[in-house]
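# Commentary on secondary and tertiary structure
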Amino acid sequence: MISDAITSEDYKAFRIFLEDASGIVLGENKQYLVTSRLTRLMTDNEITDFGSLMSRMKSDGKLRQRIMDAMTTNETSWFRDVYPFDILKEKLLPEISKKQPRQVRIWSAASSTGQEPYSLSMMVQEYLTSKPGSLPANAVQIIGTDISPRVLEVANSGTYEGVAVSRGLSKERQTRFFRETGDGGWKVSDEIKARVSFRELNLMQNYSLLGRFDIIYCRNVLIYFSTDLKRDILSRMAKCLTPGGYLVLGGSESISNYSDEFELIRWRNGVIYQLKS
């Protein structure tokens, strides 16, 4: 039987570990969250109390990685919140197309199991279908990054079970952009998958090897970080953007207290940010 009691000393040590490893800052009283996220892992490893988990993870790298996976992986869905995808198709791609670029690069900075970057690719495909010739063939490149190797395996496969593929995805898009695998799963079509690639990346690391981007999606991520780390991440993302590039955050996120390198752009009922000239 697993004990859900976490001593104050163990919880403090775990908070320090998680922040050092991922930048995520746990609140003072989030023991319930830790317990809910790690109970299955502890059961699988026959660990009965949190103190034993803390002791074992010091010498077990695989266990530490599984703990990181459990604490950093969040539920996701296709076309989550709708607005960030509509603005790509209806505003950002048309504006970028006017510049007649040879390449358009988009970064999904917390891609999880791939729903966001593949959703972006679907919107790109719909835009190109409605505006043929507006961008060169194969011009758009989408990079998805995440801290978790486990979720990136799912993302790279592009294959999802029936429940996962239906979450936020219309039947029309499911039929158009996926094919059945024969075992109840659905696989992203080649045309959607071709422009998307994935890499393991901790947002506390250097971004320079990723290159420059026209658009960065960093949605519902900054809320987990300290003030200093938010400022650092935004500063480094600004350096990754091409002149006039765009930053798309989560609907409840704002950069007003963390960066002055962006201009707020209003569109319909939402906002995005554009790198200042």
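A few words on the overall build of the protein chain. Secondary structure summary: the protein chain contains eleven helices and ten strands in total. For a compact globule of 277 residues, the expected C-alpha radius of gyration is about 19 Å, and the protein chain comes in at 20 Å, within 12% of that figure. For the protein chain, the spread of C-alpha atoms along the three principal axes comes to 60 × 50 × 35 Å. The burial tally for the protein chain puts 50% of its 277 residues in the buried class. Here the analysis covers contacts within the protein chain between residues at least 6 apart in sequence; of these, 74% occur between residues at least 24 apart. Total accessible area computed for the protein chain in this model is approximately 14000 Å², and 48% of it derives from carbon and sulfur atoms. Computed over 37 positive and 34 negative side-chain charges, the inter-centroid distance for the protein chain is 6 Å.

All right, on to the packing of helix α2 (residues 31-44) against helix α4 (residues 61-72) then. At a closest axis distance of 9 Å, the pairing of α2 and α4 adopts a crossing angle of 145 degrees. As α2 runs across α4, the sense of the crossing is right-handed. Contacts from Val34, Arg37, Leu38, Leu41 and Asp44 in α2 reach Leu63, Arg66, Ile67, Ala70, Met71 and Thr72 in α4. Looking at side-chain class alone, the contact of α2 with α4 contains seven nonpolar, one polar and three charged residues.

Turning to the side chain of Ser119, a few remarks are in order. Looking at the element boundaries, Ser119 is found in helix α6 (residues 115-130). Of the polar contacts made by the side chain of Ser119, one reaches the backbone oxygen of Gln115; its length is 2.7 Å. Once residues within four sequence positions are removed from consideration, Ser119 is found in contact with Trp78, Phe79 and Phe85.

The next subject is helix α7 (residues 149-157). Turning to α7, its buried residues are Val151, Leu152 and Ala155. In an axial view of α7, the angular spread of the buried residues amounts to 100 degrees, which keeps them on one side of the axis. The secondary structure elements touched by the buried residues of α7 are α6, β2 (140-146), β3 (159-161) and β6 (196-200). Once α7 ends, the next one or two residues include Gly158, with phi positive near 65 degrees.

Ranked by internal contacts, the top residues of the largest apolar core, which has 48 residues, are Phe14, Leu38, Ile67, Trp107, Leu203 and Met237. Within the residue set of this core, elements represented by two or more residues are α1 (8-22), α2, α3 (50-57), α4, β7 (213-218), α11 (227-240), β8 (241-249) and β10 (270-275). Looking at this core, the element that brings in the most residues is α11, giving six residues. With residues up to four places along the chain from it excluded, the contact list for Met237 reads Trp107, Ala109, Leu203, Tyr207, Ile216, Cys218 and Leu247.

On to the sheet that holds β10. Overall, mixed pairing links the seven strands, which are arranged β6-β2-β1-β7-β8-β10-β9 in an open sheet. The open sheet terminates on both sides in strands that have one partner only, identified here as β6 and β9 (262-267). The average undirected angle you get between the axes of adjacent strands in this sheet is 25 degrees. Bridge count between strand β1 (residues 104-108) and β2: five bridges; the pairing is parallel. Paired with Arg105 across the strands is Gln141, a residue of β2. In this fold α7 packs onto β2 and β6, with an angle of close to 165 degrees to the strand it touches most, β6.

Evaluated as defined, the whole model comprises ten aromatic pairs. With a centroid separation of 5.3 Å and 85 degrees between ring planes, the pair formed by Trp78 and Phe178 is classed as edge-to-face. Within this pair, whereas Trp78 is found in the loop between α4 and α5 (83-98), its partner Phe178 is found in strand β4 (residues 178-180), the two being separated by 100 residues in sequence. Judged by its relative accessible area of 6%, Phe178 falls in the buried class. Their ring planes at 75 degrees and their centres at 5.2 Å tell us that Trp107 and Tyr207 sit as a pair that is edge-to-face. Taken together, the residues Trp107 in strand β1 and Tyr207 in the loop between β6 and β7 connect sequence positions 100 residues apart. Accessibility expressed as a relative area gives 2% for Tyr207, which makes it buried. In this structure an aromatic cluster arises from ring pairing among Phe14, Phe17 and Phe50.

Here α5 contains 16 residues, and its C-alpha end-to-end distance of 22 Å stays within 8% of the 22 Å for a straight helix at 1.5 Å per residue. Among all positions of α5, only Tyr83, Pro84, Phe85, Ile87, Leu88, Lys91, Leu92, Leu93, Ile96 and Ser97 are buried. Positive phi shows up at Gln100, right after α5, with a value of about 50 degrees.

The rules behind each value
- Residues numbered from 1 in each chain as written.
- Predicted model: local features only at pLDDT ≥ 70, side-chain atom pairs only at ≥ 80, totals over all residues.
- Heavy atoms only, no water.
- Helix = DSSP H or I, 4+ residues; strand = E, 2+ residues; numbered from the N terminus.
- Rg over C-alpha atoms; globule rule 2.2 N^0.38 Å.
- Buried < 20%, exposed > 50% of the residue type's maximum accessible area, 1.4 Å probe, protein only.
- Contact = heavy atoms within 4.5 Å.
- Areas by Shrake-Rupley, 256 points an atom, 1.4 Å probe, with all protein chains shown as cover.
- Lys, Arg positive; Asp, Glu negative; His and termini not counted.
- Charge placed at Lys NZ, Arg CZ, Asp CG, Glu CD.
- Axes fitted to C-alpha atoms, helices over the stretch in contact; angles between N-to-C directions.
- Left-handed = near helix turned anticlockwise from the far one by under 90°.
- Nonpolar A, V, L, I, M, F, W, Y, C, P; charged D, E, K, R; others polar.
- Polar contact = N/O pair within 3.5 Å; in protein donor to acceptor, adjacent residues only side chain to side chain.
- Arc of directions from axis to C-beta.
- Core = buried A, V, L, I, M, F, W, Y, C linked by side-chain atoms within 4.5 Å.
- Pairing = 2+ DSSP bridges.
- Phe/Tyr/Trp six-rings, centres within 6.5 Å; stacked < 30°, edge-to-face > 60°.
- Expected span 1.5 Å × (residues − 1).

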